[in-house]
Amino acid sequence: MSNSKHEQQQLEVLRQQIDDTDSELVRLLLQRRQLASQVGVVKRKLGQPLYVPEREAAMLANRREQALQMGLSPELIEDVLRRVIRESYQQQQAADVHLESKSIVVVGGAGALGQLFVRLFESAGATVNIIEKDNWEMAEIYCAQADLVLVAVPVVATVDVIADLPVLPPSCVLADVTSIKEKPLAAMMAKHSGPVIGLHPMFGPQQATLAKQLMVACHGRDEENYQWLLQSIERWGAQIKFIDATEHDQAMSFVQVLRHLSTFVYGAHLAHEQVDVQQLLDLSSPIYRLELMMVGRLFAQDSNLYADIILSDPHNFMMLRRYVRLFDQLLTELEQGNKAEFIRRFEHVRDYFGDFAQKFLTESQRLLEVAGDTKQVS
């Protein structure tokens, strides 16, 4: 038998062994999913939250250490497990949240985000009534016995809608879920003498579960009387970050307003230049593909939503103008060939980011590897 024929047979045997190993991996993944589903059932009975960050962190640390001892890449094992865990959260149901005794009104409950909360509250057994423009005459009736009135309308209408609400029961919680907090929170405090809290879901309405999602909360009044609402959100799997309303809005001017407008201008410039997007994708590295994905993602969503966020606070434009002036200044320096000044500024910004720079490099590398794995060939 020639060497080439022998090696070909050896290759086929090895490939079959790999196929058998992959098949066993699939079987083990099924077994893990079944176990995770059982965990979800027990969690529901115990009333425990869907997502327990300490448990997940400890498990990943243990598996990384095991991988290291076995000569495997800890990063590989963590990446695989994070993907498996994410799938597990999709399979598990949230912990039991019992709101059968609660009457809840969602103003704007027919909207995308409103529908998400309607579904969550109804799944917990609450009586849920929806108020929209076409049935506003029912507001007084629905609100008369409400334990919670949640305002989930576009940000541009939030303050006016709050002002138009009927008188609420003293114990009723008044809350909103808009992306700005200072003005809505002040409006709610002026409208209602009972418990008030401002909420900002840092996720979209397409979420199947709230596992590992972030909810920002701004205290208003009577904290002890809206703990049941916060506990429900946590049991559904979300993490809650508390912050002052003014600080929230200042941060959102960078997290949302600057980012959204920069992305919009990027996309608008590509459209103005009539750039071939498919060609960009064909020639792109994983990181540029991710950038294009984030640009395209914006334009696949509601233009009114982004316009309202950018226009929500006139003070944002002062910051945006400073950004434009700095951009123009840096561009002028580069046009003049001032490489030394660019490097000086670069080092200054590097110092500003400090340890975050290396952390972001490591975390983004994982995203790039995933993007490289999923790159489609035209």
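All of these numbers come straight from a predicted model, not from anything done at the bench.

Student: Looking at this model, I keep getting lost on the sheet that holds strand β5 (residues 196-201). Mind explaining?
Tutor: Through backbone hydrogen bonds, the strands of a sheet pair up, either in parallel or in antiparallel fashion. Here we have seven strands laid out as an open sheet, ordered β2-β1-β3-β4-β5-β6-β7, and mixed in their pairing. In this open sheet, the two edge strands, each paired with only one partner strand, are β2 (127-131) and β7 (239-242). This sheet shows a mean twist of 25° between the axes of neighbouring strands, independent of strand direction. Here five bridges tie strand β1 (residues 103-107) to β2, and the two strands are oriented parallel to one another. Pairing of S103 across the sheet is with T127, part of β2.

Student: Help me out: how do you make sense of the side chain of H192 in this one?
Tutor: Within the secondary structure layout, H192 lies in the loop between α7 (182-191) and β5. At a separation of 3.4 Å, a polar atom in the side chain of H192 contacts the main-chain amide nitrogen of G194. The residues touching H192, leaving out its near neighbours within four places in the chain, are L168, P169, P170, C172, L174 and R221.

Student: How do you make sense of the pairing of β5 when you look at a structure like this?
Tutor: Note on strand geometry: in a regular strand, side chains alternate between the two faces of the sheet. Among the six residues that make up β5, six are buried, leaving the element largely enclosed by the rest of the structure. Neither face of β5 is exposed, since V196, G198 and H200 on one face and I197, L199 and P201 on the opposite face are all buried. Here strand β4 (residues 173-176) runs beside β5; their pairing, made up of three bridges, is parallel. Bridge assignment links A175 to a residue of β5, and that residue is I197. Handedness of the β-α-β unit built from β4, α7 and β5 comes out right-handed. For β5 and strand β6 (residues 214-221), the ladder comprises six bridges, and the chain directions are antiparallel. Bridge pairing in β6 links P201 to M215.

Student: I keep staring at the environment of I287 and nothing clicks. Help me out?
Tutor: Following the sequence through the fold, I287 ends up in helix α11 (residues 286-299). Exposure remark for I287: the relative accessible area of 46% places this residue in the partly exposed category. When the C-alpha positions of I287 and L367 are compared, they lie 8.4 Å apart, and in sequence the two are 80 residues distant.

Student: Can you walk me through the nonpolar core in this structure?
Tutor: Residues L99, F121, L148, I197, L199, L229 and W236 are the most contacted members of the largest nonpolar core, which totals 32 residues. If you list the elements that add at least two residues to this core, you get β1, α4 (112-123), β3 (148-151), β4, β5, β6 and α8 (227-235). One finds A139, C172, L174 and L185 within the second-largest nonpolar core, a separate group that totals 21 residues.

Student: Help me out: how do you make sense of a nonpolar patch on the surface in this one?
Tutor: On the surface, V349, Y352, F353, F356 and F360 cluster together to form a nonpolar patch covering roughly 540 Å² of accessible area. Of all the secondary structure elements, the ones that give two or more residues to the nonpolar patch are α14 (339-353) and α15 (355-374). Sort the elements by how many residues they give to the nonpolar patch and α14 lands first, with three residues. Topologically, F353 is positioned in helix α14. Overall, F353 belongs to the partly exposed group, its relative accessible area being 35%.

Student: Looking at this model, I keep getting lost on the pattern of salt bridges. Mind explaining?
Tutor: Side-chain pairs of opposite charge can arise where the charged atoms are in close proximity. Within the structure shown, the criterion is met by twelve salt bridges. In this structure, R82 engages E56 in a salt bridge whose closest nitrogen and oxygen atoms are separated by 3.5 Å. With R82 in helix α3 (residues 74-91) and E56 in helix α2 (residues 53-69), this residue pair connects regions lying 26 residues apart in the sequence. We note a salt bridge from R345 to E341, for which the minimum N-O separation is 3.4 Å. Of this pair, R345 and E341 are both found in helix α14, four residues apart, which corresponds to roughly one turn of the helix. On the accessibility criterion, R345 (22% relative accessible area) is partly exposed. Accessibility expressed as a relative area gives 18% for E341, which makes it buried. Three or more residues are tied together by salt bridges with common partners; here these are E56, R64, E75, E78, R82 and K212.

Student: Is there a simple way to think about the packing of helix α13 (residues 315-335) against α14 in this case?
Tutor: In helix packing, the relevant descriptors are the interaxial angle and the interaxial distance, both defined with respect to the helix axes. Remark: α13 packs on α14, axes separated minimally by 8 Å, with the N-to-C direction vectors making an angle of 140°. As summarised for this structure, α13 and α14 are arranged oblique, according to the angle between their axes. Contacts between α13 and α14 pair L326, Q329, L330, E333 and L334 from the former with E341, F342 and R345 from the latter. Broken down by class, the residue content of the contact of α13 with α14 amounts to four nonpolar, one polar and three charged.

Conventions and cut-offs
- Residues numbered from 1 in each chain as written.
- Predicted model: local features only at pLDDT ≥ 70, side-chain atom pairs only at ≥ 80, totals over all residues.
- Heavy atoms only, no water.
- Pairing = 2+ DSSP bridges.
- Helix = DSSP H or I, 4+ residues; strand = E, 2+ residues; numbered from the N terminus.
- Axes fitted to C-alpha atoms, helices over the stretch in contact; angles between N-to-C directions.
- Polar contact = N/O pair within 3.5 Å; in protein donor to acceptor, adjacent residues only side chain to side chain.
- Contact = heavy atoms within 4.5 Å.
- Buried < 20%, exposed > 50% of the residue type's maximum accessible area, 1.4 Å probe, protein only.
- Right-handed = clockwise from strand over helix to strand, strands pointing away.
- Core = buried A, V, L, I, M, F, W, Y, C linked by side-chain atoms within 4.5 Å.
- Patch = residues over 30% accessible without salt bridge, like charges linked within 9 Å, V, L, I, M, F, W, Y side chains within 5 Å.
- Areas by Shrake-Rupley, 256 points an atom, 1.4 Å probe, with all protein chains shown as cover.
- Salt bridge = Lys/Arg side-chain N within 4 Å of Asp/Glu carboxyl O.
- Parallel < 35°, antiparallel > 145°, perpendicular 65-115°, else oblique.
- Nonpolar A, V, L, I, M, F, W, Y, C, P; charged D, E, K, R; others polar.

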